[in-house]
Amino acid sequence: MITLALAKGRLQCAALARLAEGGVTVSPEQLDSRRLVLEEATGEYRFLLVKPGDVPIYVEHGVAQAGVCGRDILLEYEPDVYEPLDLDFGFCRLAVAGRTDTAWQAANRLSKLRVATKYPRVTQKHFQRRATPVDIIPLTGSVELAAVLGLADCIVDIVETGRTLDENGLTILETIAPVSARCIVNRAAFHLERPRIARLLERLAPTSAPASAPTA
Ligand code: PRP
């Protein structure tokens, strides 16, 4: 049996929908339940439902042979796994966002920028490239509030529709990286379980983009 770690929420639904197209289905009872391990009818796969940031941990440690998470998570945690497949869903971007007034420009010019984020490593690297000194304020959710209430000069977060920024009076100041859902594979499992992993990748692949050779 192949164990696949899925980022709970939107990506979980999209990944299961993609697998269902190939006949891999999970019963509605399981989907409606609070179970954290789901099994599909043929017994070929089981699915672990975990927080997005935990997907690479389960895969790196080999508890799951493969996983589905956003590229944002891979950029932040840089796990030692193969990343053979862009799943072509879960599109969003990592961006710097802030208020539309002059606070950003003033802070950007004069002193260390205070940046609130769930992505401290991505943030540090981005501002290092711009040679801008930053104080990172790590948060775990509703990051936009930090910019609205002045806890930070700006935020680094994912933006999908842009609605959260818009409805809180914030705007994108810089785009850092485009994001989509990726399938990642444990390095040992990729070689030891090659036929079964190849079959999984075929089932997950968007019809227009077959799985490529693994990349780091
Ligand atoms: C994510 C992200 C933004 C929002 C962006 O939050 O952190 O807040 O979605 O989506 P939008 O551009 O479509 O409005 P999530 O729903 O994961 O919750 P969180 O803020 O608690 O992390």
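Residues numbered from 1 in each chain as written. Predicted model: local features only at pLDDT ≥ 70, side-chain atom pairs only at ≥ 80, totals over all residues. Heavy atoms only, no water.

Student: Help me understand the layout of surface pockets in this model?
Tutor: Empty space among the atoms becomes visible once a probe the size of a water molecule is rolled across them. Here the largest pocket defines a volume of roughly 970 Å³. Counting residues per element, the ones that place at least two in the lining of the largest pocket are helix H1 (10–21), helix H4 (71–77), strand S9 (154–159) and helix H8 (163–167). In terms of residue count, H4 provides more of the lining of the largest pocket than any other element does, four residues in total. Its residues placed into classes, the lining of the largest pocket shows 18 nonpolar, ten polar and ten charged. Both of domain 1 (2–91 + 180–204) and domain 2 (92–178) provide at least three residues apiece to the lining of the largest pocket. If you add up the space inside the second largest pocket, you get close to 200 Å³. As for the second largest pocket, its lining consists of 16 residues, of which Gln-12, Leu-16, Leu-31, Leu-38 and Leu-49 are closest to the centre. (1 Å grid on protein atoms, 1.4 Å probe; cavity = no way out; pocket = protein on both sides within 12 Å on 5 of 7 lines; lining within 4 Å. Points joined across faces, edges and corners; volume = space filled by probe spheres on them. Helix = DSSP H or I, 4+ residues; strand = E, 2+ residues; numbered from the N terminus. Nonpolar A, V, L, I, M, F, W, Y, C, P; charged D, E, K, R; others polar. Domains from an automatic or database assignment.)

Student: Got a minute to help me understand the sheet that holds strand S7 (residues 113–117) in this structure?
Tutor: As a general point, the strands of a sheet are linked pairwise by backbone hydrogen bonds and lie either parallel or antiparallel. A sheet is described by the order of its strands in space; here five strands give the open sequence S8-S7-S9-S6-S10, paired in mixed fashion. Edge positions in the sheet fall to strand S8 (134–138) and strand S10 (170–179), since each has one partner strand and no second. In this sheet, neighbouring strand axes are inclined to one another by 25 degrees on average, regardless of whether the strands run parallel or antiparallel. With three bridges connecting them, S7 and S9 associate as parallel partners. In the strand pairing of S9, Thr-117 is matched with Val-156. (Pairing = 2+ DSSP bridges. Axes fitted to C-alpha atoms, helices over the stretch in contact; angles between N-to-C directions.)

Student: Explanation requested: helix H6 (residues 120–129) in the structure shown.
Tutor: Residues three or four positions apart in an α-helix share a direction because the helix packs 3.6 residues into each turn. Turning to H6, its buried residues are Val-122, Thr-123, His-126 and Phe-127. All buried residues of H6 lie within an arc of 120 degrees about the axis, which places them on one face of the element. Exposed and facing more than 90 degrees away from the buried side of H6 are Gln-128 and Arg-129. Looking one or two places after H6, you find Ala-131, whose phi comes out positive at around 55 degrees. (Buried < 20%, exposed > 50% of the residue type's maximum accessible area, 1.4 Å probe, protein only. Arc of directions from axis to C-beta.)

Student: Looking at this structure, how should I read the packing of H1 against helix H10 (residues 194–204)?
Tutor: How two helices pack is summed up by the angle between their axes together with the distance between the axes. Packing of H1 against H10 leaves a shortest axis separation of 8 Å and a crossing angle of 100 degrees. Taken together, the axes of H1 and H10 are roughly perpendicular relative to one another. Residues Ala-15, Arg-18 and Leu-19 of H1 form the contact with H10, whose participating residues are Leu-200, Arg-203 and Leu-204. Considering only residue class, the contact of H1 with H10 consists of four nonpolar, no polar and two charged. (Parallel < 35°, antiparallel > 145°, perpendicular 65-115°, else oblique. Contact = heavy atoms within 4.5 Å.)

Student: How do you make sense of the sheet that holds strand S1 (residues 2–7) when you look at a structure like this?
Tutor: If you walk across this open sheet you meet the six strands as S2-S3-S1-S4-S11-S5, and the pairing is mixed. Each of the sheet's edge strands pairs with one partner strand only, and the pair in question is strand S2 (37–39) and strand S5 (82–86). The sheet shows a mean angle of 25 degrees between the axes of neighbouring strands, direction not considered. As paired elements, S2 and strand S3 (residues 45–50) share three bridges and run antiparallel to each other.

Student: Would you mind showing me how to read the nonpolar core here?
Tutor: With 40 residues, the main nonpolar core has Leu-6, Phe-47, Val-55, Leu-87, Val-185, Leu-200 and Leu-204 as its most contacted residues. When neighbours within four sequence positions are excluded, Val-185 is seen to be in contact with Val-59, Gln-65, Ala-66, Val-81, Tyr-82, Pro-84, Phe-190, Ile-197 and Leu-201. Cys-92, Val-96, Val-134 and Ile-176 belong to the second-largest nonpolar core, a separate cluster that totals 14 residues. (Core = buried A, V, L, I, M, F, W, Y, C linked by side-chain atoms within 4.5 Å.)

Student: Can you help me understand the domain arrangement of the protein in this one?
Tutor: One frequent convention defines the size of an interface as the accessible area lost when the parts assemble. The assigned domain composition of the protein is domain 1 (2–91 + 180–204) and domain 2 (92–178). Between the C-alpha centres of domain 1 and domain 2 the distance comes to 30 Å. Together, Asp-72, Glu-76 and Phe-91 form the three largest contributors to the area buried by domain 1 at its contact with domain 2, with a combined 51%. At the junction of domain 1 with domain 2, the criterion picks out three salt bridges. For Lys-125, the salt bridge goes to Glu-78, with nearest N and O atoms at 2.5 Å. Applying the counting criterion to the domain 1 and domain 2 interface returns eight residue pairs in polar contact (both at pLDDT 80 or more). Ranked by the residues each element gives to the side of domain 1 that touches domain 2, the list is headed by H4, at five residues. The class makeup of the residues in the side of domain 1 that touches domain 2 is three nonpolar, two polar and five charged. (Buried area = accessible area lost by both parts, 1.4 Å probe. Salt bridge = Lys/Arg side-chain N within 4 Å of Asp/Glu carboxyl O. Polar contact = N/O pair within 3.5 Å; in protein donor to acceptor, adjacent residues only side chain to side chain.)

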